[in-house]
Amino acid sequence: MALGKPLDITMTDMEFRMICELLKSRCGLHFDEDSRFLVEKRVARRVQENDVGSFGSYHFLLRDRGRGEEELATLIDTLTTNETYFFRELGQLTALVEEIIPEVILRRRALGSSGPVTIWSAGCSSGEEPYSIAALAMEAGLNPAKDLRIYASDISRTVLTRSRRGIYRESSFRETTPALRSKYFIEKDGQHKVSDELRRCVDFIHLNLMDRDKIALLGTMDVVLCRNVIIYFDMETKKRVIETFHEKLKPGGYLLLGHSESLINISSAFELQHLKNDLVYRRPAPGESLSDPWHELASAAVAQVEDDRGPR
Ligand SMILES: C[S@@+](CC[C@H](N)C(=O)[O-])C[C@H]1O[C@@H](n2cnc3c(N)ncnc32)[C@H](O)[C@@H]1O
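Residues numbered from 1 in each chain as written. Predicted model: local features only at pLDDT ≥ 70, side-chain atom pairs only at ≥ 80, totals over all residues. Heavy atoms only, no water.

*Asks:* Tell me about the sheet that holds strand S5 (residues 191-194), and name the residues and values.
*Replies:* Two modes of strand pairing occur in sheets, parallel and antiparallel, and in both the strands are linked by backbone hydrogen bonds. Strands sit in the order S3-S5-S4 across an open sheet of three strands; the sheet is antiparallel. Both outer strands of the open sheet, strand S3 (167-168) and strand S4 (185-188), are each paired with one neighbouring strand and no more. With two bridges joining them, S3 and S5 adopt antiparallel strand pairing. Paired with Ile167 across the strands is Lys193, a residue of S5. (Pairing = 2+ DSSP bridges. Helix = DSSP H or I, 4+ residues; strand = E, 2+ residues; numbered from the N terminus.)

*Asks:* Kindly report on unusual backbone geometry, identifying the contributing residues and their values.
*Replies:* Glycine aside, a negative phi is what most residues show, and trans is what most peptide bonds show. Of note, the phi angle at Glu89 is positive, near 50°, even though the residue is not glycine. Relative to the assigned elements, Glu89 resides in the loop between helix H4 (67-79) and helix H5 (90-110). The class of Glu89 is buried, set by a relative accessible area of 17%. At Ser125, a position not held by glycine, the phi torsion is positive, near 55°. Summarising the element assignment, Ser125 is placed in the loop between strand S1 (117-122) and helix H6 (128-139). Given a relative accessible area of 6%, Ser125 falls into the buried group. (Buried < 20%, exposed > 50% of the residue type's maximum accessible area, 1.4 Å probe, protein only.)

*Asks:* Outline the pairing of S4, listing residues and values.
*Replies:* Of the strand pairs in this sheet, S4 and S5 are connected by four bridges, and their pairing is antiparallel. The partner of Ile186 across the bridge, within S5, is Lys193. Once S4 ends, the chain turns through two residues before running back antiparallel as S5, passing Asp189 with a positive phi of about 50°.

Remember, this is a structural readout, not a statement about activity or role.
Below, the structure written as structure tokens:
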């Protein structure tokens, strides 16, 4: 439908509260008075697009079991921030491929088990994060298709479609070196497409982090990355989502948050690990303390990677 002239309606306090409450309970997104102008403007466009005439009727539409789900997904797309780029917070991704993954592999071997290291990029936006992990893993001498299983999820279907297409604009490459860019991306007609080799390494899934039933269908993980996502949630939702990650992580598994995020006042179930390249959270294994063999294994893993690689 053509939008034409903007709809001249004002959101009442009650309508604002009802819509924010629905967004919070269904997808964890938190909007307060400071974001009222933004919410009102964007919801007004959806009211107009759906031709329902008022915010009240639109709220009713969102609660509809059939059409409501699809409309909520569209509304979320207009309200969420999908900002991301390749190799964002590189120190942390380096810690993942050079310290965490080797430690998990070594710990597995010590326990006599095998299988790929499972990694979940939760809130992956348009896919730059999981593709960066696959590229860095290859650079570190791993074979992501065999050594890793990378899952990437987001609530927005629009960004997931972009992830799967794997075609990116210039702004996604602001932190990408020319060497990595020419190795893992193909340039054609002014567009940059991620190589098939990288695309094969990542499984994209549509997932709302509030949907515990669907999350239960995912297996347990060695590493969860949830970077620059929980900043948009209120305290109650942050606690709930972090609790879910704790359940999904194997004992000894790692949780990587964005650099502006921490677990202070949210959870005490994780311990902070000082790695060479970054600080990360870890779900302790039962009965483990700071003097336990894990620390020796971690140091041994890092030393081995450095030996294998030789002097830089
Ligand atoms: C700023 S992006 C972060 C992308 C990437 N992790 C990074 O750090 O570059 C935040 C993403 O979280 C997603 N998101 C927000 N709420 C969500 C929810 N309840 N479930 C799943 N994803 C959600 C948004 O759709 C958005 O793509």
